[in-house]
Amino acid sequence: MTISKLYIDQHVANLPQVVSIQSRLNIPYEVVEDSQKVFEAVSCDNDPVLKGKKLLFLTSNRGAFIKDCPGTRAYTCCGYKILHIGTYCTMDCSYCILQAYFHPPVLQYFVNHDDLLKDLERLFLEKTVSRIGTGEFTDSMIWEAWTDLSSLLVSKFAGQSQAVLELKTKTTAIGKLEQLQHNRKTIVAWSLNTDRVIDNEERGTARLSARLRAAAKCESWGYPLAFHFDPLVIYDGCEDDYRQVVQQLFSQISSKNIVWISLGSFRFMPSLKPIIQRRFPGSKIVYGELISGLDGKMRYFKPLRIDLFRKMTTWIREMAPDVLIYFCMEDDEVWQKALGFIPAEGGGLPKMLDESAVRICGLNPLEGSGFRVQASGS
C-alpha cells in the first residue's frame with residue numbers, strides 16, 4: 001500500500017527522525033495540533049479501513065511502550081510482552097483484527113524513541129527472561145523503508161542478555177538486518193500460510209516462497225527464527241496444503257535454529273464479520289463451522305481445531321522432533337488431545353518459551369541479581 005499523505009503532530013515536528021522520514025517519503029504533509037484531524041480524515045471516507053492504510057501519522061506514544069499481551073483467562077497465554085512502536089498496517093488481510101480494534105484505524109508511528117529506550121532499560125534491569133515483540137498492533141517490518149527502527153532495536157537488544165526481541169512479519173523487508181550486530185538477541189519471525197490463503201485473504205503480503213527465502217537469508221546472517229501458523233484456515237484441501245507448507249519450511253530452514261513455532265486457528269470478534277463481508281465480498285472465511293468461544297470470539301468447533309492441530313504437530317515433529325510447538329489461546333483439553341500434554345506439566349507455557357529463548361538465543365539472566373524465570377505478561 002502506498003502512503004499518499006503524511007500528518008505530523010506539531011509537538012514532534014522538529015525531531016531529526018521526523019525530518020528524515022519526511023525526506024524519505026517525499027509526499028504531501030501537514031502539521032496538525034492533535035490527532036483529531038487525522039481521525040476525521042479517515043472516518044469520513046467510504047472505506048475507513050483502507051483510507052487508514054494510506055495516511056501516516058507521526059506522533060508520540062503518551063502511554064507505556066511496553067505492554068502485556070492482551071490474553072484472556074479462558075485460554076493459555078504465552079506471557080509475551082508488546083513493544084508498542086505504532087499502530088495498524090499497510091498490508092490488507094481479510095481476517096485482521098486491527099480493522100475492528102482501532103476506531104478509526106490509523107497508521108501511526110511513534111517517534112519519541114528516547115522514552116522507548118528508557119522503558120527498555122527498565123525492563124533489562126529486571127534481570128529476568130523477557131520475550132518482547134513489535135508485531136501485535138502492527139507488522140514489525142513495514143516501517144523499514146522510511147525509518148531506522150530495526151537498527152535501533154536490534155542494536156539495543158544485542159547489548160544485554162535478559163530479553164529477546166521478536167520481529168514478526170509477512171514482508172521480505174529484511175535488507176537492513178544483514179549488517180547489524182544482533183548477538184542472537186533478535187528473533188526474526190514470519191507468519192506462514194498456504195498459497196490459497198495468501199492469495200485470497202492476505203492482500204499486499206509477500207508470497208510464501210518469498211517469506212521462506214527471506215527467512216533463509218536471516219538464518220545465514222546468524223539470526224534465530226520463529227514461525228507462526230496463525231490463522232490456520234479450514235477449507236477443502238487445506239490439510240494437503242498445510243502439509244506442503246511444513247515441507248517447504250524445513251527444506252530451507254534448520255530446525256535447530258527455530259526458537260518456537262506457534263499454531264492458532266482462525267478466530268475473530270463478532271464485530272469483524274460485517275467488515276470482512278463488506279471489504280472482502282469474495283472471501284468465504286467467515287462461513288466455516290464456527291462457534292462463540294469462552295473469550296467471545298468466533299472460532300472453529302473444538303473437534304475441528306484439535307484434528308488440524310494434531311496433524312500439523314505430527315507433520316512438524318516428523319521433520320523437527322525437538323522444536324518447541326505451542327498453541328495460541330487454547331485450553332488444556334486442546335493441548336492434551338493435540339500435543340499429548342498440558343503446559344503445566346512443563347512448568348507453564350511462559351517458562352517453556354523462556355527456556356527455549358535461553359537455549360537458542362543465548363540469554364543469560366545470571367548476569368543480573370539472580371536467575372529467576374518468570375512469566376512476562378498476563
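Anything mentioned here points back to the structure above.
Calculation rules
Residues numbered from 1 in each chain as written. Predicted model: local features only at pLDDT ≥ 70, side-chain atom pairs only at ≥ 80, totals over all residues. Heavy atoms only, no water. 1 Å grid on protein atoms, 1.4 Å probe; cavity = no way out; pocket = protein on both sides within 12 Å on 5 of 7 lines; lining within 4 Å. Points joined across faces, edges and corners; volume = space filled by probe spheres on them. Helix = DSSP H or I, 4+ residues; strand = E, 2+ residues; numbered from the N terminus. Nonpolar A, V, L, I, M, F, W, Y, C, P; charged D, E, K, R; others polar. Buried < 20%, exposed > 50% of the residue type's maximum accessible area, 1.4 Å probe, protein only. Pairing = 2+ DSSP bridges. Phe/Tyr/Trp six-rings, centres within 6.5 Å; stacked < 30°, edge-to-face > 60°. Lys NZ or Arg CZ within 6 Å of the ring centre and 35° of its normal.

Caption draft 1: Structural context of the layout of surface pockets. Reported here for the largest pocket is a volume of approximately 1,200 Å³. Around the largest pocket sit 46 residues that line it, and I97, E136, K168, D230 and R267 are the ones nearest its centre. Broken down by secondary-structure element, the contributors of at least two residues to the lining of the largest pocket are β7 (92-93), α4 (98-101), β10 (163-169), β13 (225-232), β14 (258-265), β15 (267-268) and β18 (325-327). Residue composition of the lining of the largest pocket, grouped by class: 23 nonpolar, 10 polar and 13 charged. What the second largest pocket holds in volume is close to 240 Å³. Taken together, 14 residues form the lining of the second largest pocket, with R196, E201, Y235, K284 and I285 sitting closest to its centre. If one sorts the elements of the lining of the second largest pocket by residue count, helix α7 (residues 195-201) sits on top with four residues. Taken together, the residues of the lining of the second largest pocket sort by class into six nonpolar, four polar and four charged.

Caption draft 2: Representation of the pairing of strand β8 (residues 107-110) within the structure. In β8, alternate side chains face the same way, and those of L107 and Y109 on one face and Q108 and F110 on the other are all buried. Alignment of strand β3 (residues 55-59) against β8, held across four bridges, turns out to be parallel. Residue pairing across strands places L58 opposite Y109, the latter belonging to β8. Pairing geometry for strand β6 (residues 86-87) and β8, over two bridges, is antiparallel. Its bridge partner being in β8, G86 is matched across the sheet by Y109.

Caption draft 3: How the structure looks around the packing of aromatic side chains. Scanning all chains against the criterion turns up 11 aromatic pairs. Ring centres 5.3 Å apart and planes at 90 degrees place the aromatic pair Y101 and F102 in the edge-to-face group. Judged by relative accessible area, which is 40%, Y101 ranks as partly exposed. Centre to centre, the rings of F266 and F268 are 5.0 Å apart; their planes meet at 25 degrees, and the pair counts as stacked. The same class applies to F266 as to F268, namely buried. Above the ring of Y88, the side-chain terminus of K53 is found at 4.4 Å from the ring centroid. Lying across the ring of F280, R203 places its NZ or CZ 3.8 Å from the centre.

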